[in-house]
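What the coordinates show
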Amino acid sequence: MEVRELLVILNSARDLLGDGSRWSPVHIAEDGDGRWVPVGDDSATRFNLVGAVIRAAGYRAREAMKAVESVLRTCSSEMFARTLTSARPMTHTEAVEWLETAAAALTATAAIRG
C-alpha cells in the first residue's frame, strides 16, 4: 500500500472521529442507540480507532492497519505501546492523536524516501 493511500485513509478516519460525538469508547462501531453494529452497516454512527480506520479503508483495512502500526513502531514506539496495549480503553483524544501522529510519521517517511 502506498503512503499516499495510507494518508487518505488516516485523514478520512481522523475526519470521521474529529467530532467527538462520533466516538465510541465501548464498541468498534455502534448505532445511534449505543448498540454494537458491524462497521460497514448503514446504521453505524460512532466508532473507536480501529472502527474508524476500517470504515475509511474499506476492504483494505487490515493492510492499512499493519502498515500504519509498522510506521508507528519505528518512529514512536512509546505512543504506540501506550495507546494500543493499555488495559484501559483508548480515549477520543488519544485516538485522534494516534491518527495525527501516524499521518505525520508517514509524511516524514515519504519525505525522507523522496
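Worth saying up front: this structure is predicted, and the values here are computed from it rather than measured.

Reading the values: the criteria
Residues numbered from 1 in each chain as written. Predicted model: local features only at pLDDT ≥ 70, side-chain atom pairs only at ≥ 80, totals over all residues. Heavy atoms only, no water. Helix = DSSP H or I, 4+ residues; strand = E, 2+ residues; numbered from the N terminus. Buried < 20%, exposed > 50% of the residue type's maximum accessible area, 1.4 Å probe, protein only. Contact = heavy atoms within 4.5 Å. Areas by Shrake-Rupley, 256 points an atom, 1.4 Å probe, with all protein chains shown as cover. Core = buried A, V, L, I, M, F, W, Y, C linked by side-chain atoms within 4.5 Å.

1. Thoughts on the overall build of the protein chain
- Helices and strands together make up the secondary structure of the protein chain, namely 5 helices and 2 strands.
- Starting at the N terminus, the α and β elements of the protein chain follow one another as α-β-β-α-α-α-α.
- Residues counted as buried form 39% of the 114 residues belonging to the protein chain.
- Of the contacts formed within the protein chain by residues at least 6 apart in sequence, a portion of 51% connects residues at least 24 apart.
- Summed over its atoms, the accessible surface of the protein chain is roughly 6,400 Å², and 53% of this surface lies on carbon and sulfur atoms.

2. Details of the side chain of Asp31
- Note that Asp31 resides in the loop between strand E1 (29–30) and strand E2 (46–47).
- The class of Asp31 is buried, set by a relative accessible area of 7%.
- Beyond its immediate chain neighbours, meaning those up to four positions away, Asp31 contacts Val37, Ser43, Thr45 and Arg46.

3. Considering the environment of Thr109
- Mapped onto the elements of the fold, Thr109 is located in helix H5 (residues 92–113).
- As a C-alpha pair, Thr109 and Val3 span 106 residues in sequence and 8.6 Å in three-dimensional space.

4. Things to note about the nonpolar core
- Of all hydrophobic cores here, the largest spans 29 residues; its most connected members are Leu10, Leu17, Phe47 and Leu99.
- At the level of secondary structure, the elements contributing two or more residues to this core comprise helix H1 (3–18), helix H2 (49–57), helix H3 (61–75) and H5.
- When neighbours within four sequence positions are excluded, Leu17 is seen to be in contact with Arg22, Trp23, Phe47, Asn48, Leu49, Ala52, His92, Ala95, Val96 and Leu99.

5. Quick notes on the environment of Asn11
- Mapped onto the secondary structure, Asn11 falls in helix H1.
- Residue Asn11 is classed as partly exposed on the basis of its relative accessible area, which comes to 39%.
- Linking Asn11 and Ala102, residues 91 residues apart in sequence, is a C-alpha distance of 9.9 Å.

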